[in-house]
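Listed below, chain by chain, are the residues.
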Amino acid sequence: MKHRILSTAIITSTIAAVFAAGWQFGHSSKPIISNAQAAGGVVTSPTASVPDRYVYYPGTEALAKEEIRVTACGTGLPAARRSQAATCFLIEPGNGDKFLFDIGTGSMANLAAMMIPYEYLDKVFLSHLYTDHMGDILGLWAGGWTAGRPNALRVWGPSGTTPEMGTKYAMDSFLQFVNWDKVTREYKITPIPGKVETNEFDYKIPNQIVYEENGVTIRSFPAIHAGDGPVSYSLEYAGMKVVFSGDTVPNKWFVEYAKNADLVIHEAFQTPQQLVDFCNQPPQLAWRTCCEFHTSPQAFGKVMSSVQPRHAVAFHFFNEEGTRYGIYEGIRETYSGPLSMATDMMVWNITKDKITERMAQSTDEAWSVPGTAKQLPPENGRPNPTTTFIDAGRWEPGFRAQDQMLDGHMQKYNLKDQDWRPKMYEKMEGG
Ligand SMILES: [Zn+2]
């Protein structure tokens, strides 16, 4: 475990510099913290490595048993942009489990950069059914399948006032929407990873256990956002607690069930003025968006002052020079405790002793990382979704051109003369 330690005092006094991201990518403007911390510790010799890194390089750190790592894979708005995807938080307790809380539009690319085998990224908890919280279920479902996930996806989410407003309906309809994709990949790749196992629970029950396995307990409680159905979640592991609001206005359940948690992630929306200036909203809509369906910065601060977390995280705003100061100042009117202004790829490590905030430095060219579980090979005997009419249109010279290369591939992997290859030629016109 190599973490930069941020004490409460340091965070409070330097947050303006820290969240401006200048230090996160090695810019010359450094926050006002001691040299040892800024540099990640003393380098003891010319050949030594930096002893306590302040950057998280995905895939390079083993988690301690009694530790939780949280990564922001999406923190922005429905109109996702390159610098910020829509909502997605990855929570990794030290037992090795991985949980996705929402998987908003654009977040899949950030998730891929975390270098985690897809076999482990199979548990998704949806706070509600807005696309900015589930849009990239598409990418995870199909992308993980093509990248070697051997298992089905498991999705948890709330019911609605009618079956059609619930998670089960959404996921069943999702599988209809992707039917062509599903049927053809089942034939081409292997069928099991295309399955979605949905666990829908009653959105109204406060603090109910919706998941309890391997020392991890996840609970849900109602949230208030645009209609019945949305929930917030808490995750407890090794005596520590992380709470994720999803989208909500300040509500009595959150204040009660997030109390004294270790890391509390709650939405803090753009200010009404920002919605007018940056989102082209009429002023009448701006105040409703900000403050009737979402949580304003001032209200976020009030919630945190009541909840008193060890560390608060504000998300669900585009975090940039034009906006972050207005939101930060609004929060500071009502809350003075430890705070992160979230942006994508921000990482928190939580132990009983300390909570650190870092930025992940990751590759833009991430490949899927192999795990130990192996995807099954294509199933024999599945009906071919391509008809002989279409197959007969394959152009033989194009296929013959790859014969030598494929012979080499089959030889290299000791593949027997499988029946697919002669058949491929048989189907060609005159073949
Ligand atoms: Zn949202």
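This text goes with the structure placed above it.
First, a word on scope: everything that follows refers to the structure included in this document. What you see is a predicted model; the values in this text were computed from it and never measured. (Residues numbered from 1 in each chain as written. Predicted model: local features only at pLDDT ≥ 70, side-chain atom pairs only at ≥ 80, totals over all residues.)

The subject of this paragraph is the overall build of the protein. Looking only at helices and strands, one finds 16 helices and 16 strands in the protein. When contacts within the protein are restricted to residue pairs at least 6 apart in sequence, those whose partners lie at least 24 apart make up 67%. (Helix = DSSP H or I, 4+ residues; strand = E, 2+ residues; numbered from the N terminus. Contact = placed C-beta atoms within 7 Å.)

What follows covers the pairing of strand 9 (residues 216–222). The side chains of a regular strand alternate between both faces of the sheet. The element strand 9 is largely enclosed, with a buried count of five among its seven residues. As judged from the five bridges shared by strand 8 (residues 208–213) and strand 9, these two strands associate in the antiparallel manner. For Tyr211, the partnering residue across the bridge sits in strand 9 and is Ile218. Taking the residues between adjacent antiparallel strands as the criterion, strand 8 and strand 9 are bridged by two residues, where Asn214 takes a positive phi near 50°. Pairing between strand 9 and strand 10 (residues 231–237): seven bridges, direction antiparallel. Across the sheet, residue Ser220 finds its bridge partner in strand 10, namely Tyr233. (Buried ≥ 20, exposed ≤ 12 C-beta atoms within 10 Å, placed from the backbone. Pairing = 2+ DSSP bridges.)

Read across the open sheet, the seven strands follow the order 8-9-10-11-12-13-14; overall the sheet is mixed. Of all the strands in the sheet, the pair left with one neighbour each is strand 8 and strand 14 (339–341). Direction aside, neighbouring strands of the sheet carry axes that sit 15° apart on average. In terms of strand pairing, strand 13 (residues 311–315) meets strand 14 through three bridges, oriented parallel. (Axes fitted to C-alpha atoms, helices over the stretch in contact; angles between N-to-C directions.)

The subject of this paragraph is the environment of Val255. Tracing the backbone shows Val255 in helix 8 (residues 252–257). Measuring from C-alpha to C-alpha, the distance between Val255 and Lys302 comes to 9.8 Å, with 47 residues separating the pair along the chain. Setting aside residues up to four positions removed in sequence, Val255 forms contacts with Val303, Ser306 and Val307.

Quick look at the pairing of strand 2 (residues 68–74) now. The buried fraction of strand 2 amounts to seven of the seven residues, a majority that puts the element mostly inside the structure. The pairing of strand 2 with strand 3 (residues 88–93) spans six bridges and is antiparallel. Residue pairing in the sheet places Ala72 in a bridge with Phe89 of strand 3. Direction of pairing for strand 2 relative to strand 15 (residues 346–350): antiparallel, over a ladder of four bridges. In the strand pairing of strand 15, Thr71 is matched with Val347.

Moving on to the nonpolar core. Among soluble globular proteins, nonpolar side chains are generally buried collectively. In terms of nonpolar packing, the biggest core is built from 86 residues, with Phe89, Leu263, Val264 and Ala314 touching the most fellow members. Counting residues per element, this core draws most heavily on helix 11 (residues 297–307), at five residues. Apart from the residues within four sequence positions on either side, Val264 is in contact with Val243, Ala258, Met304, Val307, Pro309, Ala312 and Val313. (Core = buried A, V, L, I, M, F, W, Y, C linked by C-beta atoms within 7 Å.)

Within helix 5 (residues 137–146) the residues assigned to the buried category are Ile137, Leu140, Trp141, Gly144 and Trp145. Across the axial projection of helix 5, the buried residues extend over an arc of 115°, all falling on one side. Within two residues after helix 5, Gly148 carries a phi angle of roughly 105°, on the positive side. (Arc of directions from axis to C-beta.)

Quick look at the sheet that holds strand 1 (residues 55–56) now. Ordered by their spatial adjacency, nine strands build an open sheet running 1-16-15-2-3-4-5-6-7, and the pairing between neighbours is mixed. The sheet is open, and its two edges are formed by strand 1 and strand 7 (196–201), each paired on a single side. In terms of strand pairing, strand 5 (residues 123–125) meets strand 6 (residues 153–158) through three bridges, oriented parallel. The residue of strand 6 that forms the bridge with Phe125 is Trp156.

Axis separation between helix 11 and helix 12 (residues 324–332) bottoms out at 7 Å; the angle between their running directions is 40°. Judged by the inter-axis angle, helix 11 sits oblique to helix 12. The two elements helix 11 and helix 12 cross, and the hand of that crossing is right-handed. Facing Pro297, Gln298, Phe300 and Gly301 of helix 11, the residues of helix 12 in contact are Ile327, Gly330, Ile331 and Arg332. Class assignment for the residues of the contact of helix 11 with helix 12 results in four nonpolar, three polar and one charged. (Parallel < 35°, antiparallel > 145°, perpendicular 65-115°, else oblique. Left-handed = near helix turned anticlockwise from the far one by under 90°. Nonpolar A, V, L, I, M, F, W, Y, C, P; charged D, E, K, R; others polar.)

Moving on, we get to unusual backbone geometry. The general pattern is negative phi for most residues beyond glycine and trans for most peptide bonds. If you check the backbone angles, Asp102 has positive phi at about 65° while not being a glycine. Residue position: Asp102 is located in the loop between strand 4 (99–101) and helix 3 (107–112). Look at Asp102 and you get buried, because 28 C-beta atoms sit within 10 Å. In this structure, Met345 is a non-glycine residue whose phi angle is positive, near 75°. Tracing the chain through its elements places Met345 in the loop between strand 14 and strand 15.

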